[in-house]
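Residues per chain are reported as follows:
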Amino acid sequence: MTARPPQPLGFVGLGQMGLPIAKRLLAAGHALVAFDLRDELRPVLEAAGAEWARHAREVAERCDTVFVSLPTPKAVEAVVLGPDGLVEGDALKVYVDLSTTGPEAARQVAAALAERGVTAMDAPVSGGVASAERGGLALMVSGPREVFERLRPVLGSFAANLFHVGEQPGMGHLMKLINNLLSTTALAASFEALSVGAKAGLDPRTMLEVLSVSSGTNHAIDYKIPLFLMQDKPIGFALELSMKDVRLAVEAGERLCGPMRVGRVTQQIWQEAMDAGGPQQDYLQVVRLFEAWADVNWAHGAEAARADVAREPAA
């Protein structure tokens, strides 16, 4: 008897992270049925070997395992529970959310899917576009352990670090929010500290060299500031999306523990940066606030690092 071929994987949401992840799945030999509201992505995915669906429901009618990678909780809820949503597809058995939606939204979606016999897995990713392209992401997965183990070979085609952080829906998303809150808070603290040094006349590149081998180092010092900000390269993450993650982290923390004092300060800074430069600016441009407050310019390229004229926040 001929073995039945496995069903293709489904994928909905082909943004900055979703597209390279989908391409990694295809490169690993997985058949893929994809959908995104932007139909101009269809030839890109079809050229890579995917089939294109008319809507999310069709993906869930053709695939028993479906990944989503979407920007906001509202987008996730619309794709899963809205008209022509995944919940209407009768083939769907396992739903894997690669987005950063927060634990509350994750639990609501998981409960709705459970009523249809679908297992929901949190699997938010960390590592950025470059890591997605090379298959080096970290995944923070929650859901039934046996489903995680079954998915491990598929997840390993785009992630180098896989962590099972809990059985309950929302635990993976909470872990991701904790990570992102620490990341953004370290970024803000680094901008402030480097602005102090630059104002006093310390060379920014020398400060980064010292800090990178000292106890004050963090991911911003080691990676984001020297390799992106000071080379005038966007990191490719919009400030409004970073702000969404900070807000969700603070809200989750305050539900659990009461006032998030440090987190609230970071949220306020991110809001001021959005007010000054707009929500679509690269989130590393929060540095412009610190430069303006300190009346010093150190962050933007080699020439800017030597300048002593303050740069106003972007209009």
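Residues numbered from 1 in each chain as written. Predicted model: local features only at pLDDT ≥ 70, side-chain atom pairs only at ≥ 80, totals over all residues. Heavy atoms only, no water.

Brief notes about unusual backbone geometry
Most peptide bonds take the trans form, and the phi angle of most residues other than glycine is negative.
Consideration 1: Unusually for a residue other than glycine, Asp84 sits at a positive phi of about 55°.
Consideration 2: For Asp84, a relative accessible area of 30% translates into the label partly exposed.
Consideration 3: If you check the backbone angles, Asp232 has positive phi at about 55° while not being a glycine.
Consideration 4: Residue placement: Asp232 occurs in the loop between α10 (219-227) and α11 (239-257). (Buried < 20%, exposed > 50% of the residue type's maximum accessible area, 1.4 Å probe, protein only. Helix = DSSP H or I, 4+ residues; strand = E, 2+ residues; numbered from the N terminus.)

Focus on the pairing of strand β6 (residues 119-122)
Consideration 1: As judged from the 4 bridges shared by strand β5 (residues 94-97) and β6, these two strands associate in the parallel manner. Paired with Val96 across the bridge in β6 is Met121.
Consideration 2: Tracing the backbone out of β5, into helix α5 (residues 103-114) and back to the parallel element β6 gives a crossover that is right-handed. (Pairing = 2+ DSSP bridges. Right-handed = clockwise from strand over helix to strand, strands pointing away.)

Structural notes on the packing of aromatic side chains
Consideration 1: Under the defined criterion, the tally for this structure stands at 7 aromatic pairs.
Consideration 2: Note on Phe191 and Phe290: the rings are 6.0 Å apart at their centroids and 55° apart in plane angle, and the pair reads as tilted. One end of the pair, Phe191, is in helix α8 (residues 171-200); the other, Phe290, is in helix α13 (residues 287-294), with 99 residues separating them in the sequence. Each member of the pair Phe191 and Phe290 is classed as buried.
Consideration 3: Consider the rings of Phe237 and Tyr283, whose centres lie 5.4 Å apart with planes at 85°: the pair is edge-to-face. Of this pair, Phe237 sits in the loop between α10 and α11 while Tyr283 is found in the loop between α12 (261-277) and α13, placing the two residues 46 residues apart along the sequence.
Consideration 4: For Tyr283, a relative accessible area of 6% corresponds to the buried category.
Consideration 5: Aromatic rings pair up to connect Phe191, Phe290, Trp293 and Trp298 into one cluster. (Phe/Tyr/Trp six-rings, centres within 6.5 Å; stacked < 30°, edge-to-face > 60°.)

What about the packing of α8 against helix α9 (residues 204-212)?
Consideration 1: Viewed as axis vectors pointing N to C, α8 and α9 meet at an angle of 130°, and their least axial separation amounts to 10 Å. Overall, the two elements α8 and α9 adopt an arrangement that is oblique. The two elements α8 and α9 meet at a crossing, and its hand is right-handed. Contacts from Leu194, Gly197 and Ala198 in α8 reach Met207, Leu208 and Leu211 in α9. (Axes fitted to C-alpha atoms, helices over the stretch in contact; angles between N-to-C directions. Parallel < 35°, antiparallel > 145°, perpendicular 65-115°, else oblique. Left-handed = near helix turned anticlockwise from the far one by under 90°. Contact = heavy atoms within 4.5 Å.)

Quick look at the pattern of salt bridges
Consideration 1: Under the defined criterion, the tally for this structure stands at 16 salt bridges.
Consideration 2: For Arg62, the salt bridge identified is with Glu58, shortest N-O distance 3.4 Å. One end of the pair, Arg62, and the other, Glu58, are both in helix α3 (residues 56-62), 4 residues apart, so they sit about a helical turn from each other.
Consideration 3: Note on Arg62: relative accessible area 28%, which makes it partly exposed. (Salt bridge = Lys/Arg side-chain N within 4 Å of Asp/Glu carboxyl O.)

What to know about the side chain of Ser142
Consideration 1: Tracing the backbone shows Ser142 in strand β8 (residues 137-142).
Consideration 2: What makes Ser142 buried here is its relative accessible area of 0%.
Consideration 3: Side chain to side chain, Ser142 and Asp122 meet in a polar contact 2.8 Å long.
Consideration 4: In this structure the side chain of Ser142 is engaged in a polar contact, spanning 3.3 Å, whose partner is the backbone oxygen of Gln168.
Consideration 5: Those residues in contact with Ser142, other than ones at most four positions away along the chain, are Ala120, Met121, Asp122, Val165, Gly166, Gln168, Pro169, Gly170, Met171 and Gly172. (Polar contact = N/O pair within 3.5 Å; in protein donor to acceptor, adjacent residues only side chain to side chain.)

Quick word on the confidence of the model for the chain
Consideration 1: Taken residue by residue, the chain gives an average pLDDT of 92. The fraction at 70 or more is 93%.
Consideration 2: This stretch, residues 302-315, has a pLDDT under 50; its non-local contacts, to residues over four places away or in other chains, come to 30 contacts. (pLDDT = per-residue confidence, 0-100.)

Remarks on the nonpolar core
Consideration 1: Among the nonpolar cores identified, the biggest contains 36 residues, and Phe191, Ile225, Leu229, Trp270, Val286 and Trp298 are the most heavily contacted of them.
Consideration 2: At the level of elements, α8, α9, α10, α11, α12 and α13 are the ones that each hand at least two residues to this core.
Consideration 3: Here Trp270 is in contact with Thr184, Leu187, Ala188, Leu239, Ser242, Met243, Val246, Tyr283 and Val286, once residues within four sequence places are set aside.
Consideration 4: In this structure, Leu41, Val125, Leu151 and Leu162 belong to the second largest nonpolar core, which totals 33 residues. (Core = buried A, V, L, I, M, F, W, Y, C linked by side-chain atoms within 4.5 Å.)

Concerning the environment of Asp295
Consideration 1: Along the polypeptide, Asp295 turns up in the loop between α13 and α14 (301-306).
Consideration 2: Once the C-alpha coordinates of Asp295 and Pro73 are considered, the two residues, 222 residues apart in sequence, prove to be 38 Å apart.

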